[in-house]
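This is what each chain is made of:
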Amino acid sequence: MHLSLEHLLAVRDGEATADAAGHAASCPECGAEIERLRTIQRGLAALPEDRPEQDFWPGVRAALAAHRNRRHWLAAGWAAAGLAAAFTLTIGVRGGLEAWHEAKLSRETGELVAASQQLEQQLRTYGSAGRVVSGRTAGTIVQIEDRIALVDAQLSRAGSDRVPSQDVLSLWQERVRLLDALVSVQTSRTAYVGL
Amino acid sequence: MALNFFEPATVLHLGEPRGATTRPAQTTIVDELVLARAKAGNEAAFETLYRHFEAPVYTLARRLTRTPHDAEDVLQETFLEVLRSIGRFRGDGSFAGWIRKVTASKALMRLRTQRSRVPEEELSEELADAIAADRNHGVTPIATAPERLDLEAALARLPNTARAVIWLHDVEGYSHDEIAAMVGKTASFSKSQLARAHARLREMLEPTSEGPCT
Ligand SMILES: [Zn+2]
């Protein structure tokens, strides 16, 4: 009887039992299968390297800087308001559908900014309680904070337009989602949240 | 400093025993001075490290996750974590190996949290078709493409776990025990996923042939 795929892989990887290795050495068909598995492995390893289409260094650098001022967006207070300041008062100058769309984007973004502020307020309350945090929970908190810092870096680059774009709206949605996760972690002390 | 981070093709020889020697990043040497400066918080050194590792980190993230967007997020999260905690990197094991581990763990976390949201098989198929169409400028699928593109499209079609396991094991050189620890399963789970991945690849690459000898 020939070797199963799992055994063939074990032989290829030098991890097989003596029996399996013995069979592979004397069976041309299994030998050919193992060779085929090696060819696939080489083919995978030879796939070309990929590069991101845009440069993400500026965002990473900005997020790092934000981290250096630890908990910047909590300590400073109303970080959401600061990020949102550029487009809070947008009234469509143009008429018709475009103005309606702009007003809708502004309103939706405004709602998300308000939600952000509320969540930040909650976090300041929990943060000052000074409770002990387990290592695992601390790791989760830092991960979420990292992602918020990345979103904030993108927002501060995108925030100069008078009217928020769809991208900006999406960033605010992401920000609220992350803050919400952070509040859950803080309140429930669960290390795992569905990010 | 020439850095051949992920030149795995050159280190995977026929019949070479598996294990640490096949792990591409271990061939990488990071300039100790750059590392020391980065540990001291030097921003120019941070950027140097970013530029060095940008492509290999992105590539690994791209292979493990579903979309370029996922890979971009993993890239940023990885560098943020690595550079933020670089002061604690003690240098046992290579720096490249550490970065790779962080990348893999961020990517796997992303797969875990996405699992409940999208039926993965459908999305993988869709993605694979998109890749094939893109590479062939939307004209002819797979048949006329070079062989490695077939393999890339087939890889993208694999279910998430099988794809991650075959990549981490066959290309990155992680052992089944190491993969088991990373995905929170057993080594035999990793072995069966590897076999599953190879079986599926074979179906996709040689649709007319019989399965492996049984
Ligand atoms: Zn046989």
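Our subject is the structure listed above.
Computed from a prediction, not measured in an experiment: that's the story for all the values here.

**Quick look at the coordination of the zinc ion**
Residue and element names in this part refer to chain A. Only His2 (ND1), His23 (NE2), Cys27 (SG) and Cys30 (SG) from the protein coordinate the zinc ion, and they sit 2.0 to 2.4 Å from it. Taken together, the four donor atoms surrounding the zinc ion define angles of 99 to 124 degrees at the centre, an arrangement classified as tetrahedral. Mapped onto the polypeptide sequence, the residues donating to the zinc ion form the spacing pattern H-x20-H-x3-C-x2-C.

**Quick word on helix 3 (residues 28–45) of chain A**
Over its 18 residues, helix 3 of chain A runs 26 Å from end to end, which matches the ideal 26 Å to within 8%, given 1.5 Å per residue. Turning to helix 3 of chain A, its buried residues are A:Cys30, A:Glu33, A:Ile34, A:Arg36, A:Leu37, A:Arg38, A:Ile40, A:Gln41, A:Gly43, A:Leu44 and A:Ala45.

**Notes on the interface of chain A and chain B**
Contacts between the two partners involve 48 residues from chain A, matched on the other side by 57 residues from chain B. Taken together, the two surfaces of chain A and chain B that pack against each other cover about 5,000 Å², and 62% of this comes from carbon and sulfur. In this structure, the connection of chain A to chain B is made through eight salt bridges. For B:Glu54, the salt bridge is made with A:Arg51, and the minimal N-O distance between the two is 3.5 Å. For the pair chain A and chain B, the interface holds nine residue pairs in polar contact (both at pLDDT 80 or more). For the side of chain A that touches chain B, the secondary structure elements donating two or more residues are helix 1 (5–12), helix 3, helix 4 (57–68) and helix 8 (135–158) of chain A. When residues of the side of chain A that touches chain B are assigned to their parent elements, the largest contribution, 12 residues, is made by helix 3 of chain A. Class assignment for the residues of the side of chain A that touches chain B results in 23 nonpolar, seven polar and 18 charged.

Definitions and limits used
Residues numbered from 1 in each chain as written. Chains lettered and ligands numbered in written order. Predicted model: local features only at pLDDT ≥ 70, side-chain atom pairs only at ≥ 80, totals over all residues. Heavy atoms only, no water. Donors = N, O, S within 2.8 Å, 3.2 Å for Na, K, Ca; no water. Tetrahedral: all angles 85-135°; square planar, octahedral: opposite > 155°, others 65-115°. Helix = DSSP H or I, 4+ residues; strand = E, 2+ residues; numbered from the N terminus. Expected span 1.5 Å × (residues − 1). Buried < 20%, exposed > 50% of the residue type's maximum accessible area, 1.4 Å probe, protein only. Contact = heavy atoms within 4.5 Å. Buried area = accessible area lost by both parts, 1.4 Å probe. Salt bridge = Lys/Arg side-chain N within 4 Å of Asp/Glu carboxyl O. Polar contact = N/O pair within 3.5 Å; in protein donor to acceptor, adjacent residues only side chain to side chain. Nonpolar A, V, L, I, M, F, W, Y, C, P; charged D, E, K, R; others polar.

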